[in-house]
Amino acid sequence: MGGRNLTRREALVWELAPSGAMRVPCLLFGSSPLIDALEDGVLTQLRNVASLPGVVAPVVAMPDAHPGYGFPIGCVAAFDPEAGGVVSAGGVGFDIACGVRTLLTDLDAADVAPVREVLADALFARIPAGLGGTGGLRLSERDMDRMLAGGAVWAVTEGYGEAGDLTRCEEGGRMEGADPEAVSSRARERQRDALGTLGSGNHYLEVQRVEEICDARAAAAFGLRPDQVAVSIHCGSRGLGHQVATDHMAIMRQAAPRHGISLPDRDLACAPIASPEGARYLGAMRAAINCALAGRQVITHLVREVFAALFPGCHLRLLYDVSHNTCKVERHPTRRGNQQLHVHRKGATRALGPSHPDLPQAFRGVGQPVLVGGSMGTASYILSGTDASPPAAFASACHGAGRTLGRKQAVKRFPGRGVLAALTAKGISLRAHDLRGLGEEAPQAYKDIEEVIQAAHGLGLAVKTARLRPLACIKG
DNA sequence: ATGTGC
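Here the residue numbering is sequential within each chain, running from 1 through the sequence in written order. The naming scheme follows written order: chains are lettered A onward, ligands numbered 1 onward. A pLDDT threshold of at least 70 governs which residues receive local features in this predicted model, and a stricter bar of 80 or more applies before side-chain atom pairs are shown or counted, although totals over entire chains, interfaces and linings include all residues. With hydrogens and water excluded, all non-hydrogen atoms of the structure serve as input to the side-chain values.

Visitor: Sorry, what's going on with the UniProt feature "active site" (unreviewed entry) in chain A here?
Guide: UniProt positions are given in the numbering used here, feature names are shortened, and annotations may be inferred rather than shown by experiment. UniProt annotation of "active site" (unreviewed entry) refers to His399 when read in the numbering used here. Helix and strand assignments come from DSSP, with helices taken as H or I runs of at least 4 residues and strands as E runs of at least 2, each series counted from the N terminus. Its location among the elements puts histidine 399 in the loop between β17 (396-398) and α12 (407-413). Exposure is judged per residue with a 1.4 Å probe applied to protein chains only, and the accessible area is read against the type maximum: over 50% gives exposed, under 20% gives buried, and values in between give partly exposed. Here histidine 399 falls in the buried class, since its relative accessible area comes to 12%. Whenever two N or O atoms come within 3.5 Å, that pair is a polar contact, provided that in protein one can donate a hydrogen and the other can accept it, and provided that, for residues adjacent in sequence, both atoms are side-chain atoms. Here the side chain of histidine 399 touches aspartate 64 through a polar contact of 2.6 Å, side chain to side chain.

Have a look at this one:
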């Protein structure tokens, strides 16, 4: 590809060969049009990530990649602790454990249609959201510690949700190795009464209809059927994760010279996995993962209350909960054998195949549900993980449609009022706390989800299982 | 993404 030093390796695989300070090559996943449309910033950021100490080949860009903070969003990068590998607070980013959770109802779209506006109003009233949104629960210091160590497991013991939900969460709903003590008092204060709130930006709660089943076997195993109503929740660790990132980036930047690390980009603040700074960040990050898991668990409870009031006897079963901004310790086959690596996924979801040992029992033989949220007003997809995924992907897939326009550009170009009108015209009940923020999320500011999913499916990162369409959407 | 926007 002219001027970009990209070599096409396969129909959907492009290589960025090492140059300059790069230690390993990068692989970019996507069709020719997707790669053509990539912003240069993605390539620069990939080169920077590939220059970090202890990075394991290759650094990967998913089909939904776009420029992010330090790492591109839609990036997977693994590091070897025994080769001086680092963990990067900037790489994981500000919204630690931002993720998607999908609940499946036993309702048909026809059941919801007559009360769609009422349902949207009820969800909007019940689910706290918006910038600075509070009104969830208020945590004592003791409960804060329990939440940070216990995640969704803690939330269930507090009465939010059902024990059965936990087997349908990554890590069983509780991330091991969390160190609540590594979470600053400022981070705690920001979260004090924000747990169970949706947040803002691209976060949303969507009521969806299963529009098409693409893989009957996987869909049956997941409990998906045509016309079924589902609810997807997309949110993260709110102010706490943001503050953990801020705190530890400052610590890592200060410690970098001591570890002999010169940062290619100050946003890539990192520390050796084996260092005190690295270990402390990992402990705090895992606590933030628990915060996000607990938050989505609390929201699940609120959603169930709303549905129970409108549809007596209705049950919402959790399909799965995935995080797409994390760093996790996993074993992966590499040229050096089966290595234990720290895998950063920034805007990338894990996609475990049917025989992966970390897969929850319920999905053995099928693969992990891979939840991919589309842009506002467009389709979302549920895919299933596959054993045939290319090893270079470190068992990962895309996480969304991916932006084509930055937030500021999008706001300038798309007034919120127009976005609201367009979605309303499409039969979607939209409720938003911030009209201006809607412009940021205009569908035109995102790639075509169909193109992204086609690439992921074609690469074998995950297999298309079902497509869902929004009926109602709650925005921060 | 986010209690501190360019």
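Having put the structure on the table, let's press on.
Visitor: I keep staring at the pattern of salt bridges and nothing clicks. Help me out?
Guide: Side chains that differ in charge, positive against negative, can pair when their charged atoms come close. Salt bridges, as used here, are contacts in which a Lys or Arg side-chain nitrogen is within 4 Å of a carboxyl oxygen on Asp or Glu. Per the counting criterion, the structure on display carries 31 salt bridges. The residue arginine 431 makes a salt bridge to glutamate 117 at a minimum N-O spacing of 2.6 Å. Linking arginine 431 in strand β18 (residues 429-432) with glutamate 117 in helix α5 (residues 116-126), this pair joins segments that are 314 residues apart in sequence. Assessed through its relative accessible area of 15%, arginine 431 is described here as buried. Linked by salt bridges that have partners in common, Glu170, Glu171, Lys328, Glu330, Arg345 and Arg350 make up one network.

Visitor: Help me understand the protein's contact with DNA strand B, please; the structure alone is not making it clear to me.
Guide: If a single non-hydrogen atom of a residue is within 4 Å of a molecule or strand, that residue counts as near it. Around DNA strand B there are 18 residues in total, and Arg186, Arg190, Ser200, Asn202 and Arg407 lie nearest to it. Near-protein atoms of DNA strand B (within 4 Å) split between backbone and bases, with sugar and phosphate holding 54%. A distance of 2.4 Å separates a phosphate oxygen of DNA strand B from a polar atom in the backbone of asparagine 202. At the level of elements, α8 (185-191) and α10 (238-255) are the ones that each hand at least two residues to the surface near DNA strand B. If one sorts the elements of the surface near DNA strand B by residue count, α10 sits on top with four residues.

Visitor: Teacher, can you tell me more about the sheet that holds strand β4 (residues 55-66) here?
Guide: Within a sheet, adjacent strands bond to each other through the backbone by hydrogen bonds, running parallel or antiparallel. DSSP-based pairing: two strands are paired if at least 2 bridges between them are found. With mixed pairing, the seven strands of this open sheet are ordered in space as β1-β2-β3-β4-β5-β13-β12. Each edge of the sheet is formed by a strand with only one pairing partner; in this case those strands are β1 (6-10) and β12 (325-334). Neighbour-to-neighbour, the strand axes of this sheet turn through a mean angle of 25°, independent of strand direction. Two strands pair when backbone bridges link them, and β4 and strand β5 (residues 73-79) are joined in this way by five bridges, in the antiparallel orientation. Across the sheet, the residue bridging to alanine 61 is cysteine 75, located in β5. Lying on the sheet, helix α11 (residues 276-310) is in contact with β12 and β13 (337-346); it crosses β12 at an angle near 110°. Lines are fitted to the C-alpha atoms to define the axes, a helix being fitted only along its stretch in contact, and any angle between axes, read from their N-to-C directions, falls within 0 to 180 degrees. Note on contacts: a residue pair is in contact if any heavy atoms of the two residues lie within 4.5 Å.

Visitor: Help me understand the layout of surface pockets in this model?
Guide: Over the atoms, a rolled probe matching the size of one water molecule traces out where space is still vacant. Reported here for the second largest pocket is a volume of approximately 560 Å³. Lining the second largest pocket we find 26 residues, and of these Val56, Ala57, Pro58, Thr334 and Arg335 sit closest to its centre. Residue assignment for the lining of the second largest pocket shows that the elements contributing at least two residues are β1, β2 (13-16), β3 (26-29), β4 and β12. Considering every element that reaches the lining of the second largest pocket, the biggest residue donor is β4, with four residues. Here the residues of the lining of the second largest pocket are counted per class, giving 16 nonpolar, three polar and seven charged. Definitions used throughout: a 1 Å grid over protein atoms alone; a cavity as a set of points that fits a 1.4 Å probe which cannot get out; a pocket as an open set with protein on both sides within 12 Å along at least five of seven lines; a lining residue as one with an atom within 4 Å of a point. Grid points are joined across faces, edges and corners, and a volume is the space filled by probe spheres set on the points. For this classification, Asp, Glu, Lys and Arg are treated as charged, while Ala, Val, Leu, Ile, Met, Phe, Trp, Tyr, Cys and Pro are nonpolar and the rest, including Gly, are polar.

Visitor: Whenever I open this one, the environment of glycine 439 confuses me. Can you help?
Guide: The residue glycine 439 is located in helix α14 (residues 435-440) in this model. For the pair glycine 439 and valine 411, spaced 28 residues apart in sequence, the C-alpha separation works out to 4.6 Å. Beyond its immediate stretch of four places on either side in the chain, glycine 439 contacts Ala410, Val411, Phe414, Gly416 and Val419.

Visitor: I would appreciate a short explanation of the packing of aromatic side chains in the present structure.
Guide: What characterises a pair of aromatic rings is the spacing of the ring centres plus the angle enclosed by the ring planes. Stacked, tilted and edge-to-face are the three classes assigned to paired rings of Phe, Tyr and Trp, where Trp is represented by its six-membered ring and a pair needs centres within 6.5 Å; plane angles under 30 degrees give stacked, over 60 edge-to-face, the rest tilted. Applying the stated rule across the entire model yields four aromatic pairs. Among the aromatic side chains, those forming a connected cluster through ring pairs are Phe222, Tyr320 and Phe363.

Visitor: Help me out: how do you make sense of empty space enclosed by the protein in this one?
Guide: Summed over the entire model, instances satisfying the criterion amount to three cavities of 30 Å³ or more. Each pocket or cavity is described by its volume, and for the largest cavity that value is around 60 Å³. Along the walls of the largest cavity sit Val100, Thr102, Tyr204, Gln208, Ser232, Leu371, Val372, Gly373, Ser380, Tyr381, Ile382 and Leu468, which together make up its complete lining. Elements with a contribution of two residues or more to the lining of the largest cavity: β7 (99-108), β8 (204-213), β15 (369-372) and β16 (380-385). For the lining of the largest cavity, the element with the most residues is β16, which contributes three residues. Partitioning the lining of the largest cavity into residue classes produces seven nonpolar, five polar and no charged. Surrounding the second largest cavity, Leu28, Phe29, Gly30, Leu34, Ile35, Leu38, Ala61, Met62, Pro63, Ala65 and Lys447 form its lining. Those elements that place two or more of their residues in the lining of the second largest cavity are β3, α1 (32-37) and β4.

Visitor: Would you take a moment to explain the nonpolar core for this structure?
Guide: In summary, soluble globular proteins display a tendency toward joint burial of nonpolar side chains. If you look at the biggest cluster of nonpolar residues, it comprises 70 residues, and the most contacted ones within it are Leu28 and Val59. Sorting elements by how many residues they give to this core places α11 first, with twelve residues. Among residues more than four places away in sequence, those in contact with valine 59 are Val24, Pro25, Cys26, Leu27, Leu46, Val49, Ala50, Cys75, Val76 and Ala77. Counting residues in each nonpolar core, the second largest holds 47 residues, with Leu12, Val60, Leu459 and Cys473 among its members. Note on terminology: a nonpolar core comprises buried Ala, Val, Leu, Ile, Met, Phe, Trp, Tyr and Cys residues joined through side-chain atoms within 4.5 Å.

Visitor: Just checking my understanding: could you explain the packing of helix α6 (residues 141-157) against α11 for this structure?
Guide: A pair of packed helices is captured by two measures, namely the crossing angle of their axes and the spacing between those axes. Direction vectors running N to C along α6 and α11 enclose 20°, while the axes themselves pass 7 Å from each other. The angle between the axes of α6 and α11 places the two elements in the roughly parallel class. Crossing angle aside, the handedness with which α6 passes α11 is left-handed. From α6, Met147, Leu148, Ala149, Gly150, Gly151, Ala152, Trp154, Ala155 and Val156 reach across to α11, where they touch Ala287, Asn290, Cys291, Leu293, Ala294, Gln297 and Val298. For the contact of α6 with α11, the per-class residue count stands at twelve nonpolar, four polar and no charged. Here the word oblique covers every angle except those under 35 degrees (roughly parallel), over 145 (roughly antiparallel) and from 65 to 115 (roughly perpendicular). For a crossing to be left-handed, the near helix must be turned anticlockwise from the far one by less than a right angle; the clockwise case is right-handed.

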